[in-house]
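# Geometric and topological summary
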Amino acid sequence: MLEKEFLDFGYSKEEYERIRNYNFIKDYRDETLSLKFKEINSFLLENEYTNEEIIFTAYSIPTIYGLSLETIMSKLNNLESLGLKRDEVIKIAKGFPHIYSYSSETIREKLNDLKSLGYTNKDVLKIVKQIPRVLGNTMEYLNKRIDELTTLGYTREEVIKTSKNYPRIYCFNVEKLENKINSIQTLGFTREETLKICKSYPAIYGLDQKSLEKKIDVMISMGYKREDIIKILKKTPEILGFNADTLKQKMDSIISLGYTREEVINIVRVTPPVLSYSLSNMKQKIKDIMSLGYTKDEVLNMTKEMPAIYGASIENIRKKIEFYDSIGMHKLPIVSTKDLMQSVELSYARYQFYLSKGIYIDTHNYRKLFTNEKEFSNAYGITKKELLEMYKYEDIK
């Protein structure tokens, strides 16, 4: 009768026998175990477990059928008290069933062990949520994993930093990671470039090599040159996380703003992060700059010359344009957009310095504002630091 209950629930005969003959469970009468079986299963089903997840949990830790509901709820509540949501706690318990056998003291010790490696409490919770089984690792094991990763070209600090963003790096053995690095390198990168990409975008370790090659082929079919793709990926490797359809949609979306395909390719080549910007944010940036007194065509021309303007804050852009407006050079961002990269503090200081010398800056000699720092210092005998101290932009606000 008891065996039939287990089999009807989805257990195999082997799984049933493992649980029935496990530790103190084997001493339970069939009637007692049947009651525990129904009680625990009902509770777990109410907490979003599937039959398969319950079977996995009980096979991993058969003694769960020896725990009281009060004990199970207490363990889940203790995890919540650490700063986790209920659904996160359940997910952790599903991923690492042995947590039901841990006391609250043991769990705290495990978390403190992780923090001692260089993680904050927030980092530790993120890691545990993504790879719950890390709670089953000893400090000796974790230190060994970190040491193994350093053989690939990471420093210990880089391993910790990388694992904060991509905890799953601890799930790969070092041989697999080495093979992955070698495979990525064949796409056209040097070993040093490949490591830099992996450190910047560690999720690449989980991507299939064929899918990486396909994405490069897709970008070539869209009009990018292979050498440009390599440069783009070195700057923004997370693009490799996009699927083929997303890459094509990104291209079409940016074209819809008023660019040609060739212009979009050049924009991405110069400023790869543009591919990670949402269309709505790009549209808003265009509107925001137009509100400062420019036409849409003028704004588009600005972005063609300096695509990075899409990543700049509108407050910073506004401050600079308002200053140039105040000295009669509203058109400067159109004719020389890249000069917007210079801080308004330096532009103001140089403008005031020239005035003190009887030199009036206008549209004919505005390039003086953007003279190379070394040339300016040699010509006038004043350093940038001294100049900024002498003429402070914030004093006019």
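Structure report, in brief.

Definitions and cut-offs
- Residues numbered from 1 in each chain as written.
- Predicted model: local features only at pLDDT ≥ 70, side-chain atom pairs only at ≥ 80, totals over all residues.
- Heavy atoms only, no water.
- Phe/Tyr/Trp six-rings, centres within 6.5 Å; stacked < 30°, edge-to-face > 60°.
- Buried < 20%, exposed > 50% of the residue type's maximum accessible area, 1.4 Å probe, protein only.
- Lys NZ or Arg CZ within 6 Å of the ring centre and 35° of its normal.
- Core = buried A, V, L, I, M, F, W, Y, C linked by side-chain atoms within 4.5 Å.
- Helix = DSSP H or I, 4+ residues; strand = E, 2+ residues; numbered from the N terminus.
- Contact = heavy atoms within 4.5 Å.
- Patch = residues over 30% accessible without salt bridge, like charges linked within 9 Å, V, L, I, M, F, W, Y side chains within 5 Å.
- Areas by Shrake-Rupley, 256 points an atom, 1.4 Å probe, with all protein chains shown as cover.
- Salt bridge = Lys/Arg side-chain N within 4 Å of Asp/Glu carboxyl O.
- Lys, Arg positive; Asp, Glu negative; His and termini not counted.
- Charge placed at Lys NZ, Arg CZ, Asp CG, Glu CD.

This part covers the packing of aromatic side chains. With the rule as written, the count across this model stands at 22 aromatic pairs. Here the aromatic rings of Phe 96 and Tyr 102 are separated by 5.7 Å at their centres, their planes lie at 65°, and the arrangement is edge-to-face. You can call Tyr 102 buried: its relative accessible area is 14%. Taken together, the aromatic side chains of Phe 323, Tyr 324, Tyr 348, Tyr 351, Tyr 366, Phe 370 and Tyr 393 make up a single cluster linked through ring pairs. Residue placement shows Arg 18 over the ring face of Tyr 59; its charged tip is 4.7 Å from the ring centre. Taking the ring centre of Tyr 49 as reference, the NZ or CZ of Lys 94 above it sits at 5.3 Å.

Before going further, it helps to spend a moment on the nonpolar core. Membership of the largest hydrophobic core comes to 131 residues, with the highest contact counts inside it found for Tyr 11, Tyr 65 and Tyr 100. No other element matches helix α21 (residues 344-356), which puts seven residues into this core. Not counting chain neighbours up to four residues away, the residues in contact with Tyr 11 comprise Phe 6, Ile 19, Phe 37, Ile 54, Ile 55, Ala 58 and Tyr 65.

Attention now goes to a positive patch on the surface. Taken together, the side chains of Lys 225, Lys 231, Lys 235 and Arg 269 define a basic patch exposed on the protein surface. Summarising the element assignment, Arg 269 is placed in helix α16 (residues 261-270).

By themselves, these observations are geometric and do not establish any function.
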